[in-house]
Amino acid sequence: MPSLLGPFVRSRLGATLLVVWLLLDGFTCDGSEHAATSTLPSSFTDLFPHFLVEPEDEFIVKNKPVTLTCRSTPATQIYFKCNGEWVHQDDHLIERSVDPNTVLPVMQVTIEITRQQVEKVFGLDEYWCQCVAWSTTGTQKSQKAYIRIAYLRKNFEEEPQGKEVALDQEVLLRCHPPEGVPQAEVEWQRNEDVIDPASDPNFFITADHNLVIKKARLADTGNYTCVAKNIVARRKSTSATVLVYVDGGWSEWSKWSACGADCSMWRTRECTQPTPGTGGKDCQGLDIQSLNCTSEQCPQTVSGAEDVALYVGMVAVALCLTLLLIVVVLVYRRKKEGLDADVADSSILTTGFQPMGIKPSKPGVWVPRPRRLPHCKNSHLLTIQPDLTTTTTSYQGTLRSRHEGTGKFSMSNGPLLDPLPNGSHTLHNGKLNQDHAEFVSRLTTQTYFKTLPRDIANASYGTFNFLGGRLTIPNTGISLLIPPEAIPRGKIYEIYLTVQRREDLRLPLAGCQTLLSPVVSCGPPGVVLSRPVILSMDHCSDACLDNWAVRLKKQNYDGAWEDVLLMGEEPVAEPYYCQLEAETCRLFAEQLGTFALVGESLHMGAAKRLRLVLFSDAYCSTLEYNIRVYCMDDTQDVFKEVMEMERQLGGRLIDEPHVLLFKDSYHNLRLSIHDMPQAHWRSKLLAGYQEIPFYHIWNGSQRYLHCTFTLERLSLSTCELTCQLCVWQVEGEGQTFSLDFNIAKDTRALDSEFMLMDSSSTALAGPSAFQIPYLIRQKICSSLDAPCPNGADWRMLAQRLKLERHMSFFASKASPTSVILDLWEAQHFHSGNINQLATVMADIGKQEAMIFLVSDGEC
């Protein structure tokens, strides 16, 4: 019928004929066939129909159908159209009435939509229905109503993770509810009680359903659950335990006690403000202090003859102390004379290189040898290992250079060793004593070394003076360069360098923050430095500062962490400055301490580098065979730790490590294994893949994570294994390992190529720690520090070395050239080619470059 109305509603005449036709039709046609049709009085024939009720969006819950309603006035007929097709008139339920206010006829039509009808629609985005109303004047269409099948999946896309936080620290608990229609509403519970941010403003629920605790309180300790619900179901996440801990603080000191019989008084304080709780740290420092009283305050307990004995004893003690002081002064002056003559020898400060002949010397007589250029292998000046527990070391006999070949240049104006009586010599250059245990034992007797870690396998120690030196922790990428003149003349410092285990520290991270570097300590803190040292350590960011806000954090004396600089916005006058390279951070520090790099992603394009490493058992005698996949920050210190652990487990490396960019997209990391020969192998993994939650990787609280794939061979004679092992971030980047090896014969187990065997000394002092000889360095600085009109000064050196981004920092230093050379030394200790630096000097036009030109064959 609707198709017949078109010709009649286009004119007034057509409208009149339509009414007549409808009247005749109403008398001659069966009412059941045209149930949605009625007639209108002639007074209402000029009105268009309008809707009093239009169909609304509906959701089908389980198998319960939904009802759509349409009401219009005045209307001669109403029909529903669903997904472009007319609904059969028998499916319409019609009700007629009269509007008491307007006396217009009202028609209401309802239909039911079942789940089967919606599910039958294929290839369409959504199922929709619309009603159309007719009058003698024209037609009107209602709004579209969309009918969807409601559901709520069981698994959360991201669940909250438990964490330990300090008092007053901000806490972020993430929650991404399960997929559902309609979209699930989210509420949070603590210990099964609903959290209402309106009644407790310390809580805040973000637009993406995350819970923020603005300042953690002790009462906030508990189990937190994310609850998602819609009209279909209600889902609960796994509970995340939040533990709020309190580090202890010291109370104020008590008043000094009265002077006791031992002529001393004391005062105390207690660890009660606050008292450490829920796993917090105990107070650091002393809880009792004593002080000698003045003579007037001491109790007078002797008199008479006893006074005489007391005075005699005091005089005897004073005489002994005087004699002892005289002996100490004499010994000190003798040692100082030997030290000054050796360390401040003018031969390494004021003289040049002059050719000279070398002749054999008699036993017991030291003969100068030509200094080897530092870029040659094993270029330490001397083979003697000094005992650094004393200022100088005595050596009886002849001292010679390590290399017997004659060099092009030699020191012409005095040795680096000063003769001492009895044919001995003092030594202040070369490798340092490596007795770490003895070194730590001495350091920890001093108050500022009380917290020095005892993990000597991941530490380096040495004694240094104004000539500087270098500390290195092998196979970690961590080193400390102490430039010449960084330690004031006349001072000798015992310095340590160590990498901290992250589980030993609580580095506060919030929001999108993540740990990008190892936690490195160098000390002792508080030593006076004349110029900055350079601490080098790996980082695992994508090195794109547009994606990150990278902060350097330093641990203060109370154990708390504080921000000391924001990368890219370093004030040049501050005691810290950073250069972020592709994989390494160089920190210029005028103060020693404990440091770490923390990154906060600015958007989801920020990525961390993960190193993926595969291990298996070196020997397998059973049907089961395990492949372990490690996912770790791409830093050398973590890789070293995993390699050492696998070596102890008897593991072997079965493929080269791969690097994966892991983005801050909240998506998890998945691992799966494919393409195994089914006739010989099968996987015991029940699911199609394994998964590591996003937060476990991003927060960096664990140094490494791993998954194990347990395979089973169907026969002990099966030894050949081929498969594909895939690691990828959901909706992100992935890596594939193609494995093809013999589990019984393959011997690729922890070879030196992947162990990065670093045989260099952990501690070097004096000239042997540097590529550039001290004298040449001084001449370069004096030549380039002064501004040159044509630009042939330190600025051109920085440009040639691609360091122009740091011009402002260099310019703030008394000797910009020396700082540039310090950075070059830190970057090129293992791989530096001093001839390349000579070429740069030649390009600048400086004649000092000629003193570099020594071929490897002459070294």
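Per chain, residue numbering runs from 1 following the sequence as it is written. For this predicted model, a pLDDT threshold of at least 70 governs which residues receive local features, and a threshold of 80 or more governs which side-chain atom pairs are given and counted, while totals over whole chains, interfaces and linings are taken from all residues. Heavy atoms from the whole structure form the basis of all side-chain values; hydrogens and water molecules are not counted.

J.: Summarise the overall build of the protein; cite the residues concerned and give the values.
T.: Secondary structure follows DSSP: runs of H or I at least 4 residues long count as helices, runs of E at least 2 residues long count as strands, and numbering of each begins at the N terminus. If you tally the helices and strands in the protein, you get 12 helices and 49 strands. Every one of the 859 residues in the protein was classed for burial, and the buried ones make up 48%. Whether two residues are in contact is decided by their heavy atoms, any of which lying within 4.5 Å being enough. Counted over contacts in the protein with a minimum sequence separation of 6, partners at least 24 positions apart contribute 71%. In this description, accessible areas are obtained by the Shrake-Rupley approach with a 1.4 Å probe, and a residue is regarded as covered only by the protein chains that are shown. Here the protein displays about 42,600 Å² of accessible surface, and carbon together with sulfur accounts for 53% of that area. Between buried and exposed lies partly exposed: a residue is buried under 20% and exposed over 50% of the maximum accessible area for its type, with that area taken using a 1.4 Å probe on protein chains only.

J.: Explain the packing of helix α8 (residues 774-784) against helix α11 (residues 816-827) to me, using residue names and the numbers behind them.
T.: Helix axes are fitted to C-alpha atoms over the stretch in contact, other axes to C-alpha atoms as well, and angles between N-to-C directions run from 0 to 180 degrees. α11 packs onto α8 with a crossing angle of 135° between their chain directions and a minimal axis gap of 8 Å. The angle between the axes of α8 and α11 places the two elements in the oblique class. Note on packing geometry: the crossing formed by α8 with α11 is right-handed. From α8, R777, I780, C781 and L784 reach across to α11, where they touch T817, S818, L821 and D822. Only Asp, Glu, Lys and Arg are considered charged, only Ala, Val, Leu, Ile, Met, Phe, Trp, Tyr, Cys and Pro nonpolar, and every remaining residue, Gly among them, polar. Classifying every residue of the contact of α8 with α11 gives 4 nonpolar, 2 polar and 2 charged. Oblique is the label for any angle not covered by the other classes, which are roughly parallel (under 35 degrees), roughly antiparallel (over 145) and roughly perpendicular (65 to 115). The handedness criterion is simple: a crossing whose near helix is rotated anticlockwise from the far helix by less than a right angle is left-handed, and one whose near helix is rotated clockwise is right-handed.

J.: I'd love a proper account of the pairing of strand β10 (residues 145-149), names of residues and values included.
T.: Both strand β2 (residues 58-60) and β10 contribute to a ladder of 3 bridges, which runs parallel. Within the sheet, the bridge partner assigned to E58 lies in β10 and is I147. Between any two strands, pairing holds if DSSP finds at least two bridges. By the bridge criterion, 3 bridges tie strand β8 (residues 127-134) to β10 in an arrangement that is antiparallel. Looking at the pairing, C129 lines up with A145 of β10.

J.: Which residues make up the pairing of strand β4 (residues 77-82), and what values go with them?
T.: With 6 of 6 residues buried, β4 lies mostly within the body of the structure. Residues Q77, Y79 and K81 line one face of β4 and the alternating positions I78, F80 and C82 line the opposite face, and both faces are buried. As paired strands, β4 and β8 are joined by 6 bridges and run antiparallel to one another. Residue pairing across strands places Q77 opposite W134, the latter belonging to β8. As paired elements, β4 and strand β5 (residues 85-86) share 2 bridges and run antiparallel to each other. When the sheet's bridge partners are listed, K81 is paired in β5 with W86. Where β4 folds back on β5, the antiparallel hairpin that results is connected by 2 residues, among which N83 adopts a positive phi of roughly 50°.

J.: Can you lay out the pattern of salt bridges for me, pointing to particular residues and giving the numbers?
T.: Only one rule defines a salt bridge in this text: a Lys or Arg side-chain nitrogen within 4 Å of an Asp or Glu carboxyl oxygen. Taken as a whole and judged by the stated rule, the model has 27 salt bridges. With its nearest N and O atoms 3.6 Å apart, the salt bridge here joins K229 to E187. Residue K229 is located in strand β19 (residues 222-229), and its partner E187 is located in strand β15 (residues 185-190); the two are separated by 42 residues in the primary sequence. E187 gets classed as buried once you look at its relative accessible area, which sits at 15%. Of the charged contacts, one joins E485 and R489 as a salt bridge, the two residues approaching to 2.9 Å between their closest N and O atoms. You can call E485 partly exposed: its relative accessible area is 24%. When salt bridges that share partners are traced, they join R190, D200, R217 and D220 into one network.

J.: I'd like a description of the state of the cysteines, backed by residues and values.
T.: Throughout, a disulfide means two cysteine sulfur atoms within 2.5 Å of one another. What the rule picks out here adds up to 5 disulfides. One disulfide in the model links C70 with C131; its S-S distance is 1.9 Å. Residues C70 and C131 share a disulfide whose torsion about the S-S bond is about 55°; that sign makes it right-handed. Here C131 lies in strand β8 and C70 lies in strand β3 (residues 66-73), a separation of 61 residues in the sequence. A residue is classified by how much of its surface remains accessible, and C70, at 0% relative accessible area, is buried. A relative accessible area of 0% places C131 in the buried class. With no disulfide partner, C719 has as its closest neighbouring cysteine sulfur the one in C620, 8.7 Å distant.

J.: Describe the sheet that holds strand β13 (residues 171-173), with residues and values.
T.: Pairing within the open sheet is antiparallel, and its 3 strands lie in the order β13-β18-β17. The two strands at the open ends of the sheet, each matched to only one other strand, are β13 and β17 (203-205). Between one strand axis and the next, the sheet turns by 20° as a mean value, whatever way the strands run.

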